Amino acid sequence: NEYKSYLRMAQYDLTNTLAEFMDLHLVFPLLEFLSTRNIYKTSSLMFSKYNLLLGTNMVDFTIDVYHQLHPDSEPPESLGTKRKEVVQQLNTLQEKSGEVIEMFKKSDVIEQMEKNRDGPQLWEYLSNKYHFERERLDDVFHYGKFMYDVGNYAIAGTNLDFYRNLAPADSKYYSSAQWGKLASEILQQNWEEGMEELERLKDNISSAVHLSYSEILVQRAWLIHWGLFVYFNHHQGRDQIIDVFLYQKPYLNAIQTMCPHILRYITTAVVISKRRRTDIKELIKILQQESYKDPITEFVVSLYVNFDFDEAHIKLKECKTVIENDFFIVGCLEEFTENARLIISEIFCRIHQRIEIDMLAENLNMEPEEAEKWVVNMIRLAHLDAKIDSKNGYVVMGGTQAPVYQKLIDKTKDLHLRASSVSQKIDKKLTLGI
């Protein structure tokens, strides 16, 4: 059973898929998270981390991981050689860009950079006061990129930002500086700055006339994945996931063409956002068009397309496993469960006039006593026309007398829901031979 549980968790793990759209440095937090989940062997994760580190200049970190993998062995000579080369490269870059780095630290330069984002004006100020030459601008980029490669994201972000503010948009390293700046903010967990960088990148991708359609598609796919770090940590991020991924056609097209697994995160954002419940209709259209499935998307389909509460009950249990083992949405588990139960109850109450609390508790994965308290709270918050019959264990809908015409409307407006529910029950009985 434990082995089957591991297989089930690994089945829905998207780490390898997500990593294809990410910079190496952004994959490390995902591997660190997996090391706490008991899905894979520790040695396998350490080996994956070691292979990733070989693609960076974080040599000391690489040697530490090697020692953890091979405690009785000395690290390869190639790592020692690489370490010497990295130190030498650092000394060379510091020597070439030392004066520029010191210029960055001056209070008047910092002030000019903060209040003046216009490249030509900033360039004129630095050129006149500090005799800053355009040939030295590439040194700024190379130093920033090097600091990123060794894991010093704060210094990297500062230098890459400086380069980007001064360099023309068609410069050789302009695009790399933009992506490096975004990654630096993500890895420092600066979510406000990260959101700003995402918006700047979106604008630049949209206005990039030198890129082909396929190149723009790839860049949008990368932006979608890098954006997950920001969107699930920024206070407005969940709305952005819905607004950008679901309603902006260029990004929805990128998702449907290159990365349909992102539907997991769109669905999660819609479910946990009570104010955006009406967006489920649009989401359902997309889910029905795509072949990608996981318990989170299937939970929504089982309720809004199939009206199958038994299936929804099963999928809600599986959702817990998926969310607990997903780096981006693990913090949403409580909200998702609460809102998923609310969705089940709302649809259930629209279909049935009288509901057994025991049956509702089963569909909500709750104990009957807990379910009764939860329903009372739901009725109060949602202003539902319902009452609890605790003695007989029922929730009775329509506690107040309504006009005749209103009764007619109420009885017919959800007829298709009731018909679908009855049809599902009949199909199941026929299948079981009852």
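Values in this document were obtained by computation on a predicted structure and should not be read as measured data. (Residues numbered from 1 in each chain as written. Predicted model: local features only at pLDDT ≥ 70, side-chain atom pairs only at ≥ 80, totals over all residues. Heavy atoms only, no water.)

Description of the overall build of the protein
Across its full length, the protein holds 24 helices and three strands. The burial tally for the protein puts 46% of its 434 residues in the buried class. The long-range fraction of contacts in the protein, counting pairs at least 24 apart against all pairs at least 6 apart in sequence, stands at 63%. Only carbon and sulfur atoms are counted for the fraction: they give 50% of the accessible area of the protein, which is about 23,000 Å². (Helix = DSSP H or I, 4+ residues; strand = E, 2+ residues; numbered from the N terminus. Buried < 20%, exposed > 50% of the residue type's maximum accessible area, 1.4 Å probe, protein only. Contact = heavy atoms within 4.5 Å. Areas by Shrake-Rupley, 256 points an atom, 1.4 Å probe, with all protein chains shown as cover.)

Focus: unusual backbone geometry
For Asn38, which is not glycine, the phi torsion reads 60 degrees and is therefore positive. Looking at where Asn38 falls in the secondary structure, it is placed in the loop between α3 (24-34) and α4 (42-53). Since its relative accessible area comes to 52%, Asn38 is described here as exposed. For Phe307, which is not glycine, the phi dihedral falls at a positive 50 degrees. The topology assignment puts Phe307 in the loop between α18 (295-304) and α19 (309-324).

Considering the packing of aromatic side chains
Taken as a whole and judged by the stated rule, the model has 16 aromatic pairs. Aromatic side chains Tyr50 and Tyr66 sit 5.8 Å apart centroid to centroid with 50 degrees between the ring planes, which places their arrangement in the tilted category. Remark: Tyr66 occurs in helix α5 (residues 59-69) and Tyr50 occurs in helix α4; sequence separation between them is 16 residues. Each member of the pair, Tyr50 together with Tyr66, is buried. Between Trp179 and Trp226, the ring centres sit 4.8 Å apart and the planes meet at 80 degrees, which makes this aromatic pair edge-to-face. Taken as a pair, Trp179 in helix α11 (residues 174-187) and Trp226 in helix α13 (residues 213-231) lie far apart in primary sequence, 47 residues in all. (Phe/Tyr/Trp six-rings, centres within 6.5 Å; stacked < 30°, edge-to-face > 60°.)

With respect to the sheet that holds strand β1 (residues 354-356)
Spatially, three strands are ordered β1-β3-β2 in an open sheet, and the strand pairing comes out antiparallel. Pairing within the sheet leaves two strands with one partner each, and these edge strands are β1 and β2 (386-389). Across the sheet, the mean angle separating the axes of adjacent strands is 20 degrees when strand polarity is ignored. Here β2 runs beside strand β3 (residues 394-397); their pairing, made up of four bridges, is antiparallel. Looking at β3, one finds that Asp389 is bridged to Tyr394. (Pairing = 2+ DSSP bridges. Axes fitted to C-alpha atoms, helices over the stretch in contact; angles between N-to-C directions.)

Comments concerning the packing of α11 against helix α12 (residues 191-206)
Between α11 and α12, the shortest axis-to-axis distance is 8 Å and the interhelical angle comes to 155 degrees. Considering the angle they form, α11 stands roughly antiparallel to α12. For the pair α11 and α12, the crossing hand works out as left-handed. Where α11 approaches α12, its residues Tyr174, Gln178, Trp179, Lys181, Leu182, Glu185 and Ile186 are matched on the opposing element by Trp191, Glu193, Gly194, Glu197, Leu198, Arg200, Leu201, Asn204 and Ile205. (Parallel < 35°, antiparallel > 145°, perpendicular 65-115°, else oblique. Left-handed = near helix turned anticlockwise from the far one by under 90°.)

Description of the side chain of Lys315
With respect to the helices, strands and loops of the structure, Lys315 is situated in helix α19. Those residues in contact with Lys315, other than ones at most four positions away along the chain, are Pro295, Glu298 and Phe299.

Brief notes about α5
Side chains of residues three or four places apart in an α-helix project in the same direction, reflecting 3.6 residues per turn. Taken as a whole, α5 has its buried residues at Val59, Thr62, Ile63, Val65 and Tyr66. Looking straight down α5, one finds that the buried residues subtend no more than 165 degrees of arc, so they occupy a single side. In this structure, the buried side of α5 is in contact with α4 and α6 (77-105). (Arc of directions from axis to C-beta.)

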